Amino acid sequence: MTTIVDRPTGHAATDAEVTTGFRTCPLCEAGCGLEVTVRDGEVVRIRGDRADVFSHGYICPKGSTLKQIHDDPDRLRSPLVRRNGVLEPATWDEAFSEVDRRLRPIIGEHGPDAVAIYLGNPNAHNLAGMLYGKPLIKALGTTNVFSASTVDQRPKEVAAALMFGHLMTVPVPDIDRTGYLLVLGANPLESNGSLATAPDWPGRLKSLRARGGRLVVVDPRRTKTAEAADEHVAIRPGTDPYLLAAMVNTLAGDDAIALGRLAPYVDRLEDLVAAVAPFTPEAVESVTGVPAATIRRLAGELRAAPAGCVYGRIGTTTAPFGTVASWLVDALNTVTGNLDRPGGAMFPRAAAGHFNTRGTPRFGRGALIGRRTSRVRGLPESFGELPAVCLAEEIETPGDGQVRALIVLAGNPVLSLPNGERLDRAMAGLDFMVSVDIYLNETSRHADVVLPPPSALQRSHYDIALLMFALHNVANYSAPVLPLEPGDIDEWEILARLALIAAGVGPAADPDLVTDLAARTLLHAAVADDHGPVAGRDVDELFDELAGRRGPEKLLDLMLRTGPYGDGFGARPAGLTLAALEANPHGVDLGALEPRLPDCLRTPTGTIDLAPEAILADIPRLAAGMHDGPADGELVLVGRRDLRSNNSWMHNVKVLVKGKPRCTLHVHPDDAARLGLVDGAPATVTARTGRVVAPVHVTDAVRRGVVSLPHGWGHDLPGMRLGVAADHAGVNSNLLADDERIDAVTGTAAFTGLPVEVAPASG
Ligand code: SF4
C-alpha cells in the first residue's frame, strides 16, 4: 500500500511512500514555487505550487524540467580528472587532491593573479554559489575575477550604485500597481523578467491593461511582450539612451519635472538637465528611428500617469551606452515623481543579505568601481570584478599577472562571452582548469578536473540575490527534495574545499571551517552595526546559537535573524528565522513594496546623485553619434529570448528543444528580398570576429536593417557530453559578438546592434 505523506521540508521518500516537497524553481529570476511529487525515490510530477505566496501555482514550461535535468544520463554523477589527455571518472578525494597538486604550485610560482575565476549566471540562483563563491575568491586572493554580470546587467548595477549607493539598490517596476509601464529592451513574456523578480509576468501585464493601465514596449523587434502591449515603438538597436535623454529633455523644456516628496533627497538635477540639453526629440529622431512627436508624447504620457514607471533590461544594458541608458531609466523615474512610490519604481526590502538594510540609514561609502584596471587592456574593475571581455586576452598575453589557471563555477563562457572562438582557443592553452558543473559542455571540456554538484532537486535553496529585486516582499526557503547519492557531496562542500585548497590548508581540511569563518565574519559585522538588531552583542554567544546548523543553512539562518524582519537572536521574538521558513514551505509574505527613501540610500552624501560624474563622462561620446542615422544597407544583429531556453545550459532537455529549430536568423522581408535570402534556406552571417551559417526565418517582427539570432547555442564542439543538445546544435551567436565592442563605463559586452553582413550561404 502506498502512504501519502505531505512532507513540507522535503525529506527523502522511503520505498513505501509518496512524498511532496516544495521547491522554488531556480531556473530563472521569477522564483516560482514548485510542488514536487516523489514516489519510491523518483520524481513523478512537478507542477506549480498553488499555495506559494508569490507564484500561486504559476510555472512556465521550464519549471517541470528539473526532473529531466535530474534524470539526464548526461548529467555528471562523479568527478572527472584528466589523465593522459582524457577526462576519466575519479573519486572526490582524487579530484580534490589533483586540484591541490596542480593549483598550489601555480599560485606559489606565479602569484594569486595567475588563477582566474569565472562565475556563471546560475550562481545568482543558487544558495551555495551565493554564499561560498566569495570565500573562494578571498582564499584565492586573485584580482582576476570575472562573471556573467559583465555580459548582462552590470551597467544597471553601476548606475544604481552611483545614484543610490549600492549595486543591489536597483529600483524595480511596481507592475501590480502601475498605471503606465514603459519597457525598453526587455521581453518578460519570454524571459520571465529580470532584475524584477515576479512569477507570472503574462498575468501581471494582462492585469495592468485590464485595470486601464497602458503598456508601451520599445524594442527593435516586435517581441511577444510588444505584441501584448498597447504600443510598440520599433527603435534602432542600441539607441535607447538617445530616446531616454530626449524624454528628460522634453520634460525639462516643458517645465514638467516633478520630484515630489523626493526633492530634499535629490542632488544635481540641474546637471542632469544640462547633460541632456543637446538631445532634443528632433535631434535624436534619425539616430533612434523614432519620430520626435512620439518621443514627446511618451514623455507626456509618463508624466501624466497617476503612477507610471520605466523599466529597461538586457537590450539597454548590453549596448555601447549601457550605463548611460540604465542611469537615464531611473533619472526618468525620478524626474516624473515615480521613484519610490506605489505603482512607480520601488526598492524591495529583502529578508536576508541586503546591504541597504544594514548600517546607517541614508549614508554609505557609495559605488566601489574603477579602483583598478585590467592588466592588458586597462578596462575598469567594478565591485571587485573585471569585465569578462578581458578574460581571453588575460590568458593569452604573457607577462606578470598572466592567467595560467582558471576556475569556472557554473558557467559556460565559451558560449556566453563575445568572441567565443578566441576564448575557446585561449582555454586550450591554460596550464590548469577546474570546472564546477553538472555537464561536460563547451567550456568544461577544457577542464583538467570537473566537479559536479548535485542536481537542483538535491540541494536546498533560497534566492538571496533575486529576492532583492522582488516585486513583492517574500521569503521562501526550500529543503532538498531528493537525498544525495551515497558518496556524493553537496555543492557548498565542493566550493568550501576549493577555498581550503586555495588557502593552502589542503584538500582534506574540514569544509565546516569555511562556514564558521564566514559566520563569524558576518556576526562581527552585525554586532558592530549600531542600527541592527544585535548591536553590541557577544559574537561567541550568537555563534553558539547557530550550533544546530551546518553549511548554507547556518549562514542563511544568521542572515535572516539579523535582517530587517529577523528575530535578532531573541531581540524580536516574533521575527524571522530559518526555522520559521521551514515551517512555511510555501513561503512567507512580507508585504507589498513600501516607500523606502531616503533610508535605503547608501551614498556618501545621503542623497540621490542624479548626475554621476562617471556617467556624465560618457555623454560626449553619446553626443558624437547623435545625428547618425542608419547607413545605406546597414544590417545590425540583436539577440532574442525564448521561453523554452535559458542561456546555454538547458538545451539537453528534449522536451524543451523538440519541434522546429529555434536557432534561426530572423530577417525583415525587405532585407531578405534585397539580399536574396529565402525563408528556410541558410544564410552566412559575418562580423569582425567570426562567421556562422544559420537558417533564415523571414519575418516582419524585426525592424528593417535588423537581424536577430538567439544566444547560447552552438553545441557542436568535440569532447562534450550533451547528446540531446548536439542533435539540436544551432550556432553560437557569440562567434560574431565582438569582445572589443563594450559599454565604456563598465566594460560590459555590447552585444546589441552589432554590425554584420548577411548573404545566402552557398551549398
Ligand atoms: S518562470 Fe522561471 S522560475 Fe518560474 S517555472 Fe519558469 S523557469 Fe522556473
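Shown above is the structure to which this text applies.
Let us look at the structure shown here. Each chain carries its own residue numbering, running from 1 in the written order of its sequence. Only residues with pLDDT of 70 or above have their local features reported here, since the model is predicted, and side-chain atom pairs are shown and tallied only from 80 upward, although totals for entire chains, interfaces and linings are computed over all residues. Only hydrogens and water are set aside when side-chain values are computed; all heavy atoms of the structure are taken into account.

### A look at the packing of helix 8 (residues 240–253) against helix 9 (residues 269–276)
At a minimum axis distance of 9 Å, the contact between helix 8 and helix 9 shows a crossing angle of 115 degrees. Our pair here, helix 8 against helix 9, has a crossing hand that is left-handed. Across the interface between the two elements, Ala245, Val248, Asn249 and Ala252 from helix 8 touch Leu272, Val273 and Val276 from helix 9. Residue classes in the contact of helix 8 with helix 9 are distributed as six nonpolar, one polar and no charged. Between N-to-C directions, angles cover 0 to 180 degrees, with each direction set by a line fitted to C-alpha atoms, over the stretch in contact for helices. Runs of E in the DSSP output that reach at least two residues are strands. Runs of H or I that reach at least four are helices, and both are numbered from the N terminus. When the near helix sits turned anticlockwise from the far one by under a right angle, the crossing is termed left-handed; a clockwise turn instead gives a right-handed crossing. Any two residues whose heavy atoms approach within 4.5 Å at even a single point are treated as in contact. Following the grouping adopted for this structure description, the nonpolar residues are Ala, Val, Leu, Ile, Met, Phe, Trp, Tyr, Cys and Pro, the charged ones are Asp, Glu, Lys and Arg, and the polar ones are all others, Gly among them.

### Details of the site of the ligand
Residues are counted as near a molecule or strand when any one of their heavy atoms sits within 4 Å of it. If you check the shell around the ligand, you find Cys25, Leu27, Cys28, Ala30, Gly31, Cys32, Ile59, Cys60, Lys62, Gly63 and Asn192 and nothing else. In terms of residue class, the shell around the ligand is built from seven nonpolar, three polar and one charged.

### Things to note about the side chain of arginine 561
Note on placement: arginine 561 falls in helix 20 (residues 551–561). Among the residues examined, arginine 561 registers a relative accessible area of 10% and is labelled buried. Apart from residues no more than four positions distant in its own chain, arginine 561 is found in contact with Pro533, Glu545, Leu546, Gly566, Asp567, Gly568, Phe569, Leu576 and Thr577. Throughout, exposure labels follow a simple rule: accessible area from a 1.4 Å probe, protein chains only, divided by the maximum for the residue type, with under 20% read as buried, over 50% as exposed, and the rest as partly exposed.

### Concerning the packing of aromatic side chains
Pairing of aromatic side chains requires ring centres within 6.5 Å, counting the rings of Phe and Tyr and the six-membered ring of Trp. Pairs whose planes differ by under 30 degrees are stacked, by over 60 edge-to-face, and all others tilted. Under the counting rule described, the total for this entry stands at six aromatic pairs. Taking the centre distance of 5.7 Å and the plane angle of 25 degrees together, the rings of tryptophan 201 and tyrosine 311 count as stacked. In this pair, tryptophan 201 is assigned in helix 6 (residues 201–210) and tyrosine 311 in strand 14 (residues 308–312), connecting sequence segments 110 residues apart. Tyrosine 311 carries the same exposure label as tryptophan 201, and that label is buried. Seen in terms of ring centroids, tyrosine 242 and phenylalanine 279 are 6.1 Å apart; in terms of plane orientation they differ by 55 degrees. Their pairing is tilted. In this pair, tyrosine 242 is assigned in helix 8 and phenylalanine 279 in the loop between helix 9 and helix 10 (285–288), connecting sequence segments 37 residues apart. For the pair shown, tyrosine 242 and phenylalanine 279 are each scored as buried. Aromatic ring contacts, followed pair by pair, group Tyr242, Phe279 and Phe321 into a single cluster. Here the basic side chain of arginine 520 rests over the ring of phenylalanine 543, its NZ or CZ set 4.1 Å away from the ring centre. Any Lys NZ or Arg CZ found within 6 Å of a ring centre and within 35 degrees of that ring's normal is scored as a charge over the ring. Residue placement shows arginine 561 over the ring face of phenylalanine 569; its charged tip is 4.2 Å from the ring centre.

### Focus on the sheet that holds strand 8 (residues 145–147)
The strand order across the open sheet formed by seven strands is 6-5-21-20-19-7-8, and the pairing between neighbours is mixed. Looking at strand neighbours, the two that pair on one side only are strand 6 (86–89) and strand 8, the edges of this open sheet. Across this sheet, the average inter-strand angle for adjacent strands is 20 degrees, counted without regard to direction. Bridge count for strand 7 (residues 115–119) against strand 19 (residues 405–409) is five bridges, and the pairing is parallel. Looking at strand 19, one finds that isoleucine 117 is bridged to isoleucine 407. For two strands to count as paired, DSSP must find a minimum of two bridges between them.

### Some thoughts on the environment of leucine 581
Relative to the elements of secondary structure, leucine 581 occurs in helix 21 (residues 578–582). For leucine 581, a relative accessible area of 0% translates into the label buried. In this structure, the C-alpha to C-alpha distance between leucine 581 and valine 481, residues 100 residues apart in sequence, is 16 Å. Aside from chain neighbours lying at most four places away, what touches leucine 581 is Tyr462, Ala475, Asn476, Tyr477, Leu560, Leu576 and Val588.

### Examining the pattern of salt bridges
The rule for a salt bridge is simple: a side-chain nitrogen of Lys or Arg has to be within 4 Å of a carboxyl oxygen of Asp or Glu. In total, this model carries 51 salt bridges according to the counting rule given. The salt bridge involving glutamate 394 is made with arginine 375; its shortest N-O contact spans 3.0 Å. Residue glutamate 394 is located in helix 14 (residues 391–396), and its partner arginine 375 is located in the loop between strand 17 (369–373) and strand 18 (380–382); the two are separated by 19 residues in the primary sequence. For glutamate 394, a relative accessible area of 0% corresponds to the buried category.

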